[in-house]
Amino acid sequence: MHFISILALIFSPLVAASLLFSPFFKNNEVRIRRFSKGFASLHLLYSLGFLAFFNPVNDDISYYKEITFFGTSWIQPLGLKMAFGMDGISLLMVILTSFIFLLALIASKSNIRSKHKFYYSMIFLLQTALLGVFCARDMFLFFMFWELELIPMYFLIGQWGGGKCKASAMKFVLYTFLGSLFMLLGILLLHFYNFATYGNMTADFSTISVTAPEFPMFMQVLISILLLIGFAVKMPIVPLHTWLPDAHVDAPTPVSMILAAILLKMGAYGLIRFNMQLLPDAFKIIAPILMIFALINIIYTALIAYAQTDLKKIVAYSSISNMGIVILGLCSLNVIGFSGAIFQMIAHGVISAGLFMLVGIIYIRTKTREMVDLGGLGTAMPRLMGFALILALASVGLPLLMGFVGEFLVFLGAFNSSYDTIVPIKIYTVLAISILILSAAYMFRLLHKTFFANIFEKWNNLNDIMNHEFVVLFALVSAIGFFGIFPMAIINIIQPVLTDILQYLQI
Amino acid sequence: MEFLNNLKNIMLPEIIIILFIFIQIILSMILDLKHYKLSKWITVLGIFLATSMCTKVQIDPLYSGFKNAIISDNYTIFFKVLILVSSFFIVFLTKRTITTRRGNAFQFNSLILTAILGALTLVSSNDFITMFISMETLTFALFFLIAFERGHVSKEATFKYLIISAIASAVFLFGVSYLYGITGFFNFTSIYDYFIEKNPTLLYSMATIMITCGLAFKLGVIPFANWILDIYEGASTSVVTFLSIIPKVAMFGILARLLVFPLSYSFELTFVLVTISVVTAIWANGLAIRQTNIKRLLACSSSANAAYVLFAAALVSVFNLSTVLFYLIAYIFMNIGVFAAVIILESSEFSNYLYEFKNFAYTNPVFTLCFATCILGLAGFPITAGFISKVYLFSAIARSGLIFLPFLVILMFTIVISVYYYLRVVKLMFEKSDVVASEVIAHKTSSAIVILYCCATITIVLGICPSKIIELCQLIAYNV
């Protein structure tokens, strides 16, 4: 048990990043890559160790650890602590992070051609930032890691991307920075009003409680909305989503995988941590409105995805659509919908990473992502087509695959939810279920136009997937299959947290 | 006898500085002009002695000497140490200014010391006359420092600075005369006591607004902000470093005291200052987007940073004051770091234009890392002092009342703009280009390099464990 340390988990990627600058690596590309992959595999194993010692029955924070500097906490005068800890949701996100980072590093082999040392150190910095976001037990610490993630992402998109990558990277940073400033305002107000109401100078997630009636309701709703703006940019919720297609299209494949699989989940994670856990009463008020946004997210972006001709844009818009399902599940305010939402977060993380990998593999070989130019790839690349089929079916929500469980639970939860909204929630759910048809439409169109349809002579001599690409796709597909058949493996971990959160939220 | 006692008790740092000013002037008459190093080390010694004399100053209990014209407490000594430490750093950056000008090093350093003297007495002054004299001492030295660079650009800059400074002083004095007319006092404490019994009139608000507008000149905020771009471009970089830190720190020191004591009865003033600050933030950040010269860009940035601090200082409270102090500490080190980098570039024959920054990341990785740390610190990214200071400053503003929230939201929008132009500088350093020759940075500026590394380290350390410094700031703010 002693070797399981949350600080080692979070900060070891930073150590790895600094090791890359040691003279041992010089500019030896192969050695840098192998070291990075080896480190990421060890990190994944280490994070699985946390799963082994995790006790889901206990709803307290596991592996709690606080860093102190010369006997004082991080910012003592404001009561801020540099404290880390895990509950079920954090643990799942941490394992997903380690898993996707390993795969992204494997996928980097064929995508990254220059500045290797810089690239891998930035990836590791990003990993530390993301792990910090998921494990932080203090609002300001959460915010610090949330902002820290921008610097490596800026370089990763801007330096190794294609197209107008510099502009896209800047757009990504500015959008997120603006959103996070609103979030900061919300955090500051929450911190201050918690102090003013209870006289307790703290920003710890577990000690802040605003459920008591003394906390003014207007303030709760204001804070909740300010926080929501920050998370809505990241998630993204529809009017604030325009950075995402640009960033995805111009980012290199491994970065796209990380962006879709983990960075979008930060928004949903923040929504759970702040809006639902800390401000439950305010969330009950904004949930019906948020549900309308979720519906727009689901249907509107699915329709846009159908109109796209660029493969990566289709996958990017389908990501937004899938995040709409997550929001719908969170807004249903019952155990089924909620566990469905979290399952959908994990499922979408795995599936979208696979889809971006797929598009990346096609792009490397054909140098195009336009559906018009592609066609008949199935003859030259039968193995890739097999994987593509499974990934597309999982994305559409075929039973026994991972995508089905999340969507089914969300819709079930939303349909059974007992709310008083202007339009009954059952109607929302029925409308949202149309995503099953819409997603089938754009996914099968993608499959059809790429792998079947017109057979072009020029694509007959393409190489099928290489070993490292096979490993990535196989790992993702086996995860999809395993958790599609055995979803309780995930749901059992989050069950205690869910009941803990929902005891204040249930109507 | 009382005069000598006062001198002994609270004026020791100033006396040391005056002594070294005379030493410099005498040496300039008897020695050859080229003794750059000797002059520098004499200045450094003077500043060091003055800093160490700060421990001999009586601060607790509060000491007011010279018929209550000058006071000394924790707060003034904090600012004195801050001014002396930052000028200690800046003196090491002045080499290039003197050597390229073939100027008289002793004259230059005596001017620097005079400006420091003005700043030191400014923060500890307790009436408007002392304050005005110290302010003018500081400004007069700066006229000559700005004009020290060769060419007509610096002369033009000096002239502009002179005229705007004169107008600002006139506005300031006008306000002071009104205040004297109402109360019959120049002394801060007396004016504060006067209004405890009598209600402030509209004329009082008018006078306070005029006084703060006059002081706005030194801070580089609207209405007297338009000098800042040309003067930053025209003056030599080490002087600009001095200009962007010492007058600003001293002015915030005295402004915060003014806002706490004699000007604290005017509600209108708070709103005027908040509006000024927001307008300045919009103006400066908007202007910075189009700048291609790093010095002009930093001028906008310093103006914008002054606006953020002014916002927190305007909403007077003990907590706000502590955030202002911490912000100033963080800002000083990041700013010196950035200017040190600019000076290193200048002495390696790079111009100040941003497009020349290409390729640095590949030719000088450590330099780029430190430079980028300071720039990202100014932009407010985490694990730098800039992040903590911004969060801390905003936490103060956010708890000052819901009525200021819309202003704060506007301020945040302008900060997003500032992220754009700061990141552009960093981006250019990582860009590859074949056109610009990738020169290695010269090692003849070793002192500037050491200072850059120091500042980058301090920026990171303050960003990770700021607890002790924040506690210090709170201690000082609570004892004003």
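Owing to the predicted nature of the structure, the values given are computational and were not obtained by experimental measurement. (Residues numbered from 1 in each chain as written. Chains lettered and ligands numbered in written order. Predicted model: local features only at pLDDT ≥ 70, side-chain atom pairs only at ≥ 80, totals over all residues. Heavy atoms only, no water.)

(A) Quick look at the overall build of chain A. Tallying secondary structure elements over chain A gives 20 helices and 2 strands in all. In terms of C-alpha radius of gyration, chain A reaches 22 Å, essentially the compact-globule figure of 23 Å for 507 residues. The buried share of chain A, reckoned over its 507 residues, is 66%. Sequence-distant contacts in chain A: of pairs separated by 6 or more residues, those separated by 24 or more amount to 81%. In chain A, the 29 positive side-chain charges and the 22 negative ones have mean positions that sit 13 Å from each other. (Helix = DSSP H or I, 4+ residues; strand = E, 2+ residues; numbered from the N terminus. Rg over C-alpha atoms; globule rule 2.2 N^0.38 Å. Buried < 20%, exposed > 50% of the residue type's maximum accessible area, 1.4 Å probe, protein only. Contact = heavy atoms within 4.5 Å. Lys, Arg positive; Asp, Glu negative; His and termini not counted. Charge placed at Lys NZ, Arg CZ, Asp CG, Glu CD.)

(B) Examining the environment of A:Gly481 more closely. Residue and element names in this part refer to chain A. Mapping Gly481 onto the fold places it in helix α19 (residues 467-485). Considering only alpha carbons, one finds Gly481 and Ile390, 91 residues apart in sequence, at a separation of 9.1 Å. Not counting residues within four places of it along the chain, the set of residues in contact with Gly481 comprises Leu400 and Leu401.

(C) Structural view of the packing of helix α5 (residues 139-148) of chain A against helix α6 (residues 150-160) of chain A. Residues and elements named next belong to chain A. The geometry of α5 relative to α6 is characterised by a closest axis approach of 5 Å and an angle of 15° between their N-to-C directions. One element, α5, and the other, α6, form an angle in the roughly parallel class. From α5, Trp146, Glu147 and Leu148 reach across to α6, where they touch Leu150, Ile151 and Pro152. Here the contact of α5 with α6 is composed, by residue class, of 5 nonpolar, no polar and 1 charged. (Axes fitted to C-alpha atoms, helices over the stretch in contact; angles between N-to-C directions. Parallel < 35°, antiparallel > 145°, perpendicular 65-115°, else oblique. Nonpolar A, V, L, I, M, F, W, Y, C, P; charged D, E, K, R; others polar.)

(D) Spotlight on the packing of aromatic side chains. Considering all chains together, one arrives at 66 aromatic pairs over all chains under this definition. A centroid spacing of 6.4 Å and a plane angle of 20° characterise the contact between A:Phe142 and A:Tyr269, whose relative ring orientation is stacked. Remark: A:Tyr269 occurs in helix α10 (residues 253-276) and A:Phe142 occurs in helix α5; sequence separation between them is 127 residues. Of the two residues, A:Phe142 and A:Tyr269, neither departs from the other in class, the shared state being buried. Ring centres 5.9 Å apart and planes at 75° place the aromatic pair A:Phe482 and A:Phe486 in the edge-to-face group. On the basis of relative accessible area, A:Phe486 is assigned to the partly exposed category, the value being 43%. Each member of the aromatic cluster is reached from another via a ring pair, and the members are A:Phe118, A:Tyr119, A:Tyr120, A:Tyr154, A:Phe155, A:Trp160 and B:Phe430. In this arrangement the basic side chain of A:Arg273 is found over the ring face of A:Phe205, its NZ or CZ atom lying 6.0 Å from the centre. The cationic tip of A:Lys458 hangs over the ring face of A:Phe456; the distance from NZ or CZ to the ring centre is 5.4 Å. (Phe/Tyr/Trp six-rings, centres within 6.5 Å; stacked < 30°, edge-to-face > 60°. Lys NZ or Arg CZ within 6 Å of the ring centre and 35° of its normal.)

(E) Spotlight on helix α17 (residues 425-433) of chain A. Residues and elements named next belong to chain A. Taken together, the buried positions of α17 are Ile425, Tyr428, Thr429 and Ala432. Down the axis of α17, the buried set is contained in an arc of 95°. They therefore lie on one face. Contact partners of the buried residues in α17: α11 (280-307), α12 (311-331), α16 (402-416) and α18 (435-451). (Arc of directions from axis to C-beta.)

(F) Spatial organisation of unusual backbone geometry. In this structure, the amide linkage connecting A:Met235 to the following residue, A:Pro236, adopts the cis form with an omega of -10°. Within the element layout of this structure, A:Pro236 appears in the loop between α8 (217-234) and α9 (243-250). Note that the residue after B:Ile222, namely B:Pro223, is joined by a cis bond; omega there is 10°. The residue B:Pro223 is located in the loop between α10 (202-219) and α11 (227-234) in this model. The residue B:Ile383 is not glycine, and still its phi comes out positive at about 50°. By the secondary structure assignment, B:Ile383 is in the loop between α17 (365-379) and α18 (385-398).

(G) Structural view of the interface of chain B and chain A. Listed by partner, the interface residues are 41 residues for chain B and 41 residues for chain A. Summed over both partners, the interface of chain B with chain A comes to about 3,600 Å²; 83% of that surface belongs to carbon and sulfur atoms. Where chain B touches chain A, the interface holds 0 salt bridges. Here chain B and chain A share 5 residue pairs in polar contact (both at pLDDT 80 or more) between them. Mapped by element, the contributors of at least two residues to the side of chain B that touches chain A are α17, α18, α19 (405-429), α20 (446-464) and α21 (467-478) of chain B. The residue makeup of the side of chain B that touches chain A, split by class, is 30 nonpolar, 5 polar and 6 charged. (Buried area = accessible area lost by both parts, 1.4 Å probe. Salt bridge = Lys/Arg side-chain N within 4 Å of Asp/Glu carboxyl O. Polar contact = N/O pair within 3.5 Å; in protein donor to acceptor, adjacent residues only side chain to side chain.)

(H) Just the environment of B:Thr121, in detail. Residue and element names in this part refer to chain B. For Thr121, the location among the structural elements is in helix α6 (residues 105-124). Separated by 243 residues in the primary sequence, Thr121 and Asn364 have C-alpha atoms spaced 42 Å apart. Once residues lying within four places of it in the same chain are set aside, the contact partners of Thr121 are Met11, Glu14 and Ser134.

(I) A look at a nonpolar patch on the surface. Residues and elements named next belong to chain B. Residues Ile18, Phe22, Ile25, Ile26, Met29 and Ile30 make up a contiguous nonpolar surface patch of roughly 610 Å² in combined accessible area. Relative to the elements of secondary structure, Ile30 occurs in helix α2 (residues 12-30). Look at Ile30 and you get exposed, because its relative accessible area is 63%. (Patch = residues over 30% accessible without salt bridge, like charges linked within 9 Å, V, L, I, M, F, W, Y side chains within 5 Å. Areas by Shrake-Rupley, 256 points an atom, 1.4 Å probe, with all protein chains shown as cover.)

(J) Layout of the confidence of the model for chain B. Chain-level statistics for chain B give a pLDDT mean of 89 and a share of 98% at 70 or above. Among the prediction metrics, the complex's ipTM stands at 0.91, with pTM recorded as 0.93. (pLDDT = per-residue confidence, 0-100.)

(K) Highlighting the pattern of salt bridges. Residue and element names in this part refer to chain B. In total, this model carries 16 salt bridges over all chains according to the counting rule given. The shortest N-O distance in the salt bridge between Asp230 and Arg296 comes to 3.5 Å. Placement of the pair is Asp230 in helix α11 and Arg296 in helix α14 (residues 294-314), with a sequence separation of 66 residues. Judged by relative accessible area, Asp230 falls into the partly exposed class, the value being 23%. Here Glu431 and Lys358 are joined by a salt bridge, their closest N and O atoms 3.7 Å apart. Within this pair, whereas Glu431 is found in the loop between α19 and α20, its partner Lys358 is found in the loop between α15 (318-347) and α16 (360-363), the two being separated by 73 residues in sequence. For Glu431, a relative accessible area of 17% puts it in the buried group. On the basis of relative accessibility, which here comes to 22%, the residue Lys358 falls in the partly exposed class. One salt-bridge network, held together by shared partners, links Lys160, Asp230, Glu233 and Arg296.

(L) Seen up close, α10(A). Between its first and last C-alpha atoms α10(A) spans 33 Å; for 24 residues at 1.5 Å apiece the expected length is 34 Å, and the two agree. Buried residues dominate α10(A), accounting for 24 of its 24 residues. (Expected span 1.5 Å × (residues − 1).)

(M) Summary view of the state of the cysteines. Residue and element names in this part refer to chain B. This model, assessed by the stated rule, comprises 0 disulfides over all chains. Unpaired in terms of disulfides, Cys300 finds its nearest cysteine sulfur in Cys374, a separation of 19 Å. Looking at Cys370, it has no disulfide partner, and the nearest cysteine sulfur is the one in Cys374, 7.1 Å off. (Disulfide = S-S within 2.5 Å.)

(N) Seen up close, the side chain of A:Asn275. Within the fold, A:Asn275 resides in helix α10. Ignoring any residue separated from it by four or fewer positions in sequence, one finds A:Asn275 in contact with A:Ser224, A:Leu227, A:Leu228, A:Phe231, A:Gly270, A:Pro280, A:Phe283 and A:Ile286.

(O) Quick look at the packing of α11(B) against α14(B). Residues and elements named next belong to chain B. Interaxial distance between α11 and α14 falls to 8 Å at its minimum, and their mutual angle equals 135°. Here α11 is positioned oblique relative to α14, judged by the angle of their axes. Handedness of the α11/α14 crossing: right-handed. Where α11 approaches α14, its residues Ile228, Leu229, Asp230, Tyr232 and Glu233 are matched on the opposing element by Lys295, Arg296, Leu298, Ala299, Cys300, Ser302 and Ser303. (Left-handed = near helix turned anticlockwise from the far one by under 90°.)

(P) Quick peek at the pairing of strand β2 (residues 82-86) of chain A. Residue and element names in this part refer to chain A. Of all 5 residues that make up β2, 5 are buried, and the element is covered over most of its length. Burial along β2 is two-sided: Met82, Phe84 and Met86 and Ala83 and Gly85, pointing in opposite directions, are all buried. Looking at chain direction, strand β1 (residues 62-67) and β2 are connected through 4 bridges and run antiparallel. Residue pairing in the sheet places Glu66 in a bridge with Ala83 of β2. (Pairing = 2+ DSSP bridges.)

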